[in-house]
Each structure stands twice: as structure tokens, then as C-alpha cells.
Amino acid sequence: MTTSDRSQYKQVLVGSLGSSPSVANAPLCIAQDAQRFLEVDVGITATTAATTYTLPVQRLDRPVNVKEVRILPGGALTFVSANYVTVNYGYTNDNSSSLTVMGSIATNNTAANGATGNWAAGTSIVVPPNSNVNSIIPSGSQTQITVTPSGVGVAIPAGTRFQMIVEEV
């Protein structure tokens, strides 16, 4: 029977306290144990198309590295090039409403052209990081997702979730 990463992580800790079990993948075990899934839900009703939304995800008490951000659609959304929304993720310093944008994607074009394309429930969409921004969120920050319309925008389907995978540094 194979042991889980969590069990191996515990063995590593015991080893550091005097016993000496051999765990070849100890660094991986520790890194995986430090990963967290942060998530915010749009809710049971769709967003209003022409409205900007700020969705607080979590306040962090230690610095984290953003591994991945995904949109988990709760229903279908058809892209329209003239009326769309831009989904941003990032953080504030907890004393300011100014968002440091770490990544973004728009709903105004196909996925092949760098946008989300059409959404389908059950098919997640990666929100790519901005290439010129550090992926580390400092301690004491609040993570946020913003949804900003262009023109009249589009409504985000009810039940849509935005997920951030972070790792403690």
C-alpha cells in the first residue's frame, strides 16, 4: 500500500524530531502540504451585465506564490466582441482598495486569440498571469477577483466560481 503525501509529510516531521524514516520526496510532500485552494462563488443568481464586481477571496497572514487561477463556469456564456467582461485577479495591501493586478482574461474573443471564448459548465478556464508581475502575494494582503464590463458587458452565469491555487512561501 502506498502512503499519501500527507502521511509522508508527517514522517518527515517525525524524522526531524529524532526518528529517521527515509522519505525520498520530502520537498515535494512539504510543498504539496503548503498548497491551498482559495475560492469565491458568484452566487445563486447571475451578475448584472453592466456592473463591476469586486469579489474578495481571502486575507492572507503569510506570503504565498500564486500557482494557478481558474474560472469554473456555472453555466454557458457566449462571447461577444463588443460587449464583454474582463476578469482580473490580484491583491490589495489590506489598507487600500487599490488592486495590484496579477493576471487577467477577457470574454471578447476565442481562446485561440487569448480570450476565454465561449464558456460551458464543467469546463474550467485558466486566467493567465501577467508576464511583468511577480507571482508572490505579500503577507497581510487580501486576494480579490474583479469582473469589469466593457460596453454593457455580459452576465457571469450563476454558480460560477473563481479558484486560486496558492502555495505558502
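Preceding block: the structure.
In this report, we go over the structure that sits alongside the text.

1. Observations concerning the overall build of the chain
Right, on to step 1. Scanning the chain from terminus to terminus reveals 2 helices and 9 strands.
Right, on to step 2. Counting over 169 residues, the chain shows a buried share of 36%.
Right, on to step 3. Expressed as a percentage of contacts within the chain between residues at least 6 apart in sequence, the contacts between residues at least 24 apart total 78%.
Right, on to step 4. If you sum the accessible surface of the chain, you get close to 9,000 Å²; carbon and sulfur atoms cover 51% of it.

2. Some thoughts on the pattern of salt bridges
Right, on to step 1. Tallied over the entire structure, the rule returns 3 salt bridges.
Right, on to step 2. Residue Asp61 pairs with Arg62 through a salt bridge whose shortest N-O separation is 3.2 Å.
Right, on to step 3. According to the relative accessible area criterion, Asp61 is exposed, its value standing at 55%.
Right, on to step 4. By relative accessible area, Arg62 is classed as partly exposed at 39%.
Right, on to step 5. Close ionic contact of Arg62 with Glu168 constitutes a salt bridge, the shortest N to O distance being 3.6 Å. Taken together, the residues Arg62 in the loop between β2 (53-59) and β3 (64-72) and Glu168 in strand β9 (residues 161-168) connect sequence positions 106 residues apart.
Right, on to step 6. On the basis of relative accessible area, Glu168 is assigned to the partly exposed category, the value being 26%.

Calculation notes
- Residues numbered from 1 in each chain as written.
- Predicted model: local features only at pLDDT ≥ 70, side-chain atom pairs only at ≥ 80, totals over all residues.
- Heavy atoms only, no water.
- Helix = DSSP H or I, 4+ residues; strand = E, 2+ residues; numbered from the N terminus.
- Buried < 20%, exposed > 50% of the residue type's maximum accessible area, 1.4 Å probe, protein only.
- Contact = heavy atoms within 4.5 Å.
- Areas by Shrake-Rupley, 256 points an atom, 1.4 Å probe, with all protein chains shown as cover.
- Salt bridge = Lys/Arg side-chain N within 4 Å of Asp/Glu carboxyl O.

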